[in-house]
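# Understanding the architecture of this molecule
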Amino acid sequence: SGGEEVYLRHLMVAVGGRAASTPDEACSLVRGARVKIGGAESDFATLARQISDSNPESGGDLGWMHREELAGWIGNVVDPMKPGELSSVVEMGPGCHLFELVDRRQFQPVTFDSFL
């Protein structure tokens, strides 16, 4: 089976994390980050390192993931996006999230035949 892979970056500010103590603060920070990235004032990786509670050390980089591995709500956010686009700010669980779709590609399963 094939399917699709997506290359994602994820910024998440958790309520009670290092940068926000309320849902309003968390979402306000993520909205601000989205504006800065969209206006080229900063880049995703820099802001993820500064405020994200999810993978800050990697700048929010999740790398290539098979579409079917994504949680349902993330898939719903990512499916309509085009490479290079930022998602809307998504309030889910105890925090606010922002995704960047870096790229998407068809998944090519590696088979034994491909080594012959």
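Notes on the structure in this doc start here. (Residues numbered from 1 in each chain as written. Predicted model: local features only at pLDDT ≥ 70, side-chain atom pairs only at ≥ 80, totals over all residues. Heavy atoms only, no water.)

A few words now on the overall build of the protein chain. Within the protein chain, the regular secondary structure consists of three helices and four strands. Helices and strands in the protein chain line up, N terminus first, as β-α-α-β-α-β-β. Over its C-alpha atoms, taken along the principal directions, the protein chain stretches across nearly 55 × 30 × 25 Å. At a minimum sequence separation of 6, the contacts of the protein chain that also span at least 24 residues come to 64%. Summing over all exposed atoms, the protein chain offers an accessible surface of approximately 6500 Å²; the carbon and sulfur share of this is 52%. Side-chain charges in the protein chain split into 10 positive and 17 negative, and the spacing between the mean points of these groups amounts to 5 Å. (Helix = DSSP H or I, 4+ residues; strand = E, 2+ residues; numbered from the N terminus. Contact = heavy atoms within 4.5 Å. Areas by Shrake-Rupley, 256 points an atom, 1.4 Å probe, with all protein chains shown as cover. Lys, Arg positive; Asp, Glu negative; His and termini not counted. Charge placed at Lys NZ, Arg CZ, Asp CG, Glu CD.)

On to the packing of aromatic side chains, then. The description of an aromatic ring pair rests on the distance of the ring centres and on the angle between the ring planes. Enumeration over the complete set of coordinates arrives at two aromatic pairs. Between Y7 and W64 the ring centres are 5.5 Å apart and the planes differ by 80°, which places this aromatic pair in the edge-to-face class. Note that Y7 is positioned in strand β1 (residues 4-14) and W64 in strand β2 (residues 61-66), a separation of 57 residues in sequence. Given the relative accessible area of 30%, W64 is considered partly exposed. Just above the ring of W64 sits the side chain of R105; from NZ or CZ to the centre is 3.7 Å. (Phe/Tyr/Trp six-rings, centres within 6.5 Å; stacked < 30°, edge-to-face > 60°. Buried < 20%, exposed > 50% of the residue type's maximum accessible area, 1.4 Å probe, protein only. Lys NZ or Arg CZ within 6 Å of the ring centre and 35° of its normal.)

Here we take up the side chain of H66. Inspection of the secondary structure assignment puts H66 in strand β2. A residue is classified by how much of its surface remains accessible, and H66, at 13% relative accessible area, is buried. For H66, the residues in contact, after removing those within four places along its chain, are G2, G3, E4, E5 and F107.

Most of β1 sits out of view: nine of its eleven residues are buried. Examined bridge by bridge, β1 and strand β4 (residues 95-106) share eleven bridges and lie antiparallel to one another. Looking across to β4, one finds that E4 is bridged to Q106. Bridge count for β1 against β2 is five bridges, and the pairing is antiparallel. In the sheet register, L8 faces β2, and the bridge partner there is G63. (Pairing = 2+ DSSP bridges.)

Turning our eyes to something else, we now look at helix α2 (residues 44-51). Those residues of α2 that fall on the buried side of the exposure criterion are F44, A45, L47, A48 and I51. Within α2, the buried residues cover an arc of 165° as seen down the axis, which keeps them to one side. Those residues of α2 that are buried are in contact with β1, α1 (23-38) and β4. Put simply, D43 is the residue that caps the front of α2, since its side-chain oxygen is 3.1 Å from the backbone nitrogen of A45. (Arc of directions from axis to C-beta. Polar contact = N/O pair within 3.5 Å; in protein donor to acceptor, adjacent residues only side chain to side chain.)

As a further point, take the sheet that holds β2. An order of β2-β1-β4-β3 is seen for the four strands of this open sheet, with the pairing classed as antiparallel. Strands at the two margins of the open sheet, each flanked by one partner only, are β2 and β3 (90-91). Contacting β1, β3 and β4, α1 runs over the sheet at an angle of about 40° to β4. Packed onto the sheet, α2 meets β1 and β4 and runs at close to 40° relative to β1. (Axes fitted to C-alpha atoms, helices over the stretch in contact; angles between N-to-C directions.)

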